[in-house]
Amino acid sequence: GASEATQGDIVSTAMVAYANGDQVLFVDQETQTPYIPTEIDDATIIVDGQQTDEEALVAGNIVQVTGNGIMLESYPGQYPGITKVEDTVFAAPDQSQVPVGSLSYKTDQADTSVVLNPYEFDWQWQTEDGQTSTSQVDGFAADGSGALNETVIDARIPSGVDAFAAFSVNPTSVEIERQPLVKGDTAKVDPQADGEDVPYTLGDDGTTALRIEPNYLYEIKATFPQGEAEYAFYTVS
């Protein structure tokens, strides 16, 4: 089986972390780095041996990604040069992988989706030999002075909008809090201000609907069958 990849093509393995129509997020399996396949509708997509489109990609599946290997320096990375995505093996989601999320919202200007990466989690799963493994990361969305953790993503909104948070594994429950930001050159939380609970609805499909307003840090604590994880984003107008 000689590889049909032509000179200069790079083949890598990724997990589909999030898939909702044309909003797709991959996580590189070697580096665990999330990235967005930005021109995926131009790529050849093969699932179960059949050529199809990005709608057929399922979160948790492992895919072979062929492309030019050039990742744009953004966060998460963007990979426009993908020529082929092949879902080679149907695999159950890796139980040890803490879910990745995505926050989607619509403004007058654009439909936007940003990635939510966990900054804190407490996770446990069964290994193949029946042992229980655990992994824990302690983190913060903002430190004592109000400075934001670099994993906290900026969701720019001109005014209050309806938003939806979805995860690569459906949460069993969520809690959402927000804290006001201080006006200034860089986004910071007001360390003196109290957090307040944000109302939301958790749908049957695992999607959380909430209303977001400008100039807050939002923290989502999600409980999953394997444990808990916390995600955050901030809104500047």
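Look above for the structure.
Residues numbered from 1 in each chain as written. Predicted model: local features only at pLDDT ≥ 70, side-chain atom pairs only at ≥ 80, totals over all residues. Heavy atoms only, no water.

Caption draft 1: Main features of the pattern of salt bridges. A complete count under the given rule lists four salt bridges for this structure. Across the pair arginine 156 and aspartate 154 runs a salt bridge, and its minimum N-O distance is 3.3 Å. The exposure class assigned to aspartate 154 is partly exposed, which follows from its relative accessible area of 26%. (Salt bridge = Lys/Arg side-chain N within 4 Å of Asp/Glu carboxyl O. Buried < 20%, exposed > 50% of the residue type's maximum accessible area, 1.4 Å probe, protein only.)

Caption draft 2: Examining unusual backbone geometry more closely. You will see that aspartate 48, though not glycine, has its phi angle at about 50°, which is positive. When its relative accessible area of 61% is taken as the criterion, aspartate 48 is described as exposed. Positive phi, close to 70°, is recorded for asparagine 215, a residue that is not glycine. Locating asparagine 215 in the fold gives a position in the loop between β19 (208–212) and β20 (216–224). (Helix = DSSP H or I, 4+ residues; strand = E, 2+ residues; numbered from the N terminus.)

Caption draft 3: Geometry of the packing of aromatic side chains. Enumeration over the complete set of coordinates arrives at seven aromatic pairs. Ring centres 5.7 Å apart and planes at 70° place the aromatic pair tryptophan 123 and phenylalanine 224 in the edge-to-face group. On the criterion of sequence distance, the pair formed by tryptophan 123 in strand β11 (residues 120–126) and phenylalanine 224 in strand β20 is long-range, its members being 101 residues apart. Across this residue pair, the class does not change: tryptophan 123 and phenylalanine 224 are buried. On the basis of an interplanar angle of 5° and a centroid distance of 5.1 Å, the ring pair of tyrosine 218 and phenylalanine 233 is categorised as stacked. On the criterion of sequence distance, the pair formed by tyrosine 218 in strand β20 and phenylalanine 233 in strand β21 (residues 227–235) is long-range, its members being 15 residues apart. The two residues tyrosine 218 and phenylalanine 233 agree in class, both being buried. Members of the aromatic cluster, joined through ring pairs, are Trp123, Phe167, Phe224 and Tyr231. For the cation-ring pair, arginine 178 lies above tyrosine 216, with the distance from its terminal atom to the ring centre recorded as 3.9 Å. (Phe/Tyr/Trp six-rings, centres within 6.5 Å; stacked < 30°, edge-to-face > 60°. Lys NZ or Arg CZ within 6 Å of the ring centre and 35° of its normal.)

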